[in-house]
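Structural characterization, general
Given next are the chains, with one letter for each unit.
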Amino acid sequence: MSADEELPLLDALRGLAMLQQEFLRLALFVASQGSTTYEGETLTCSLPDAQRRTSTLLAMGAGQSVESLLHIAKNRGIPVRDAYPIARSAVESFVNASYLLAESNAVADRAVRYIEFAAWRQHNRNFGSGEYSIEVRTDPDPVSSLASKFPEFAGKGNGSWTNLDMPSRIRRVGELAGRKAGSRLLAAYGLIYSLSSEVIHGSPFGASFFYSAHLKGEHTTEAFIAGTVRQLEEILIAVLHAGCGYLAAFFEKQQMQAGLDAEEKLFKRLMALSTKPASAFPHENGGEP
């Protein structure tokens, strides 16, 4: 029996996430601080400046979200609900970071410009419906300012940093940074995206799912708590896929073989953990799963 199998699945996934965080720190160091040596290979960031800055900014935020999830994973019951929005943020941030480092520098330049545009728009907008509407203005002539300062964001459908939806961004990562990166990100997207939307937006299904998932017909407090453990396992599996996708994109795009080899080993451990039956792992309190 392996060391991972001797632990409850959730603990094994938490340990794997902590290991993945070390490789993320390695990538972030190379992107933000300079060259370093890993497994005898000198790793040097070759990304153009805009790609390097924007992708690193997002990947760093995703890493912090993973740290928050590791803390939440110690909880049971209702507090587990808050893992969903944090996991969704981590996955989307990893996808966007991968997309920005894989695409052309022009895409990253637009993302940099969007930062300024979005800050301006935050103070010059309308929100609400009907009589329950509010207009916020700090610019005396926002129409003129939009045309003169931010022409690339003027016009219907041009108000974002990219016109590609999430699946299309993942597809581009796969095309430009390798099938491994694209497939890992796609798995993360499928595992968490729509379900987390239901929970985050407070839909009736989202509430029902959170309170009843994995109950197996046992409507007890103990069954609910056990069900939230299963949810935490599923959440960490999704986020680990996303982190592997970013690492694969970062190392493949820059042909860092030592990093790619490390990511491949990490991903194989993730697959081994996530595909074994529950009976392969002890219950977290020492009983039967």
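Here's what I pulled together on the structure shown here.

1. So, the overall build of the chain
- Along the chain, the regular secondary structure elements total 10 helices and 4 strands.
- Put simply, the chain runs from its N terminus to its C terminus through helices and strands in the order α-β-β-α-α-α-β-β-α-α-α-α-α-α.
- Each principal axis of the C-alpha distribution contributes one length, and for the chain these read about 70 × 60 × 25 Å.
- In the chain, buried positions account for 45% of the 289 residues.
- Across the chain, contacts joining residues at least 24 apart in sequence account for 71% of those joining residues at least 6 apart.
- Accessible surface, the chain: about 14500 Å² in total, of which carbon and sulfur atoms supply 54%.

2. Looking at the nonpolar core
- Ranked by internal contacts, the top residues of the largest apolar core, which has 87 residues, are Leu13, Tyr84, Tyr246, Phe250 and Phe251.
- Per element, the largest residue contribution to this core is 18 residues, and it comes from helix H9 (residues 221-253).
- Aside from chain neighbours lying at most four places away, what touches Phe251 is Phe23, Leu26, Ala27, Met256, Gly259 and Leu260.

3. Considerations on the environment of Phe210
- With respect to the helices and strands, Phe210 occurs in helix H8 (residues 204-212).
- The buried category is assigned to Phe210, whose relative accessible area is 1%.
- Considering only alpha carbons, one finds Phe210 and Leu26, 184 residues apart in sequence, at a separation of 35 Å.

4. Considerations on the pattern of salt bridges
- Under the definition given, this model contains 15 salt bridges.
- In this structure, Glu116 engages Arg113 in a salt bridge whose closest nitrogen and oxygen atoms are separated by 3.5 Å. In this pair, Glu116 and Arg113 both sit in helix H4 (residues 105-122), 3 residues apart, roughly one turn of the helix.
- Salt bridges here are not isolated pairs; linked through shared partners, they connect Glu103, Arg171, Arg172 and Glu175.

5. Observations concerning the packing of helix H1 (residues 9-32) against helix H10 (residues 257-275)
- Running from amino to carboxyl end, H1 crosses H10 at an angle of 170°, the nearest separation of the two axes being 11 Å. The orientation of H1 with respect to H10, classified from their angle, is roughly antiparallel. Contacts from Leu9, Ala12, Leu13, Leu16, Leu19, Gln20 and Phe23 in H1 reach Ala262, Leu266, Arg269, Leu270 and Leu273 in H10.
- A class-by-class count of the residues in the contact of H1 with H10 yields 10 nonpolar, 1 polar and 1 charged.

6. So, the side chain of Arg14
- Among the structural elements, Arg14 can be located in helix H1.
- An unpaired buried charge is present at Arg14: no salt bridge exists, and Asp11, the closest side chain of opposite charge, is 4.5 Å distant.
- Not counting residues up to four positions away in its chain, the partners in contact with Arg14 are Leu70, Ala73, Lys74 and Leu236.

7. Some words on unusual backbone geometry
- Its identity is not glycine, yet Glu39 carries a phi of approximately 50°, on the positive side.
- Positionally, Glu39 belongs in the loop between strand S1 (36-38) and strand S2 (41-43).
- The exposure class of Glu39 is exposed, given its relative accessible area of 66%.
- In the Ramachandran plot, His214 falls in the positive-phi region, its phi being about 70° despite a non-glycine side chain.
- Structurally, the position occupied by His214 is in the loop between H8 and H9.
- We classify His214 as partly exposed; its relative accessible area is 33%.

Parameters at a glance
Residues numbered from 1 in each chain as written. Predicted model: local features only at pLDDT ≥ 70, side-chain atom pairs only at ≥ 80, totals over all residues. Heavy atoms only, no water. Helix = DSSP H or I, 4+ residues; strand = E, 2+ residues; numbered from the N terminus. Buried < 20%, exposed > 50% of the residue type's maximum accessible area, 1.4 Å probe, protein only. Contact = heavy atoms within 4.5 Å. Areas by Shrake-Rupley, 256 points an atom, 1.4 Å probe, with all protein chains shown as cover. Core = buried A, V, L, I, M, F, W, Y, C linked by side-chain atoms within 4.5 Å. Salt bridge = Lys/Arg side-chain N within 4 Å of Asp/Glu carboxyl O. Axes fitted to C-alpha atoms, helices over the stretch in contact; angles between N-to-C directions. Parallel < 35°, antiparallel > 145°, perpendicular 65-115°, else oblique. Nonpolar A, V, L, I, M, F, W, Y, C, P; charged D, E, K, R; others polar. Lys, Arg positive; Asp, Glu negative; His and termini not counted.

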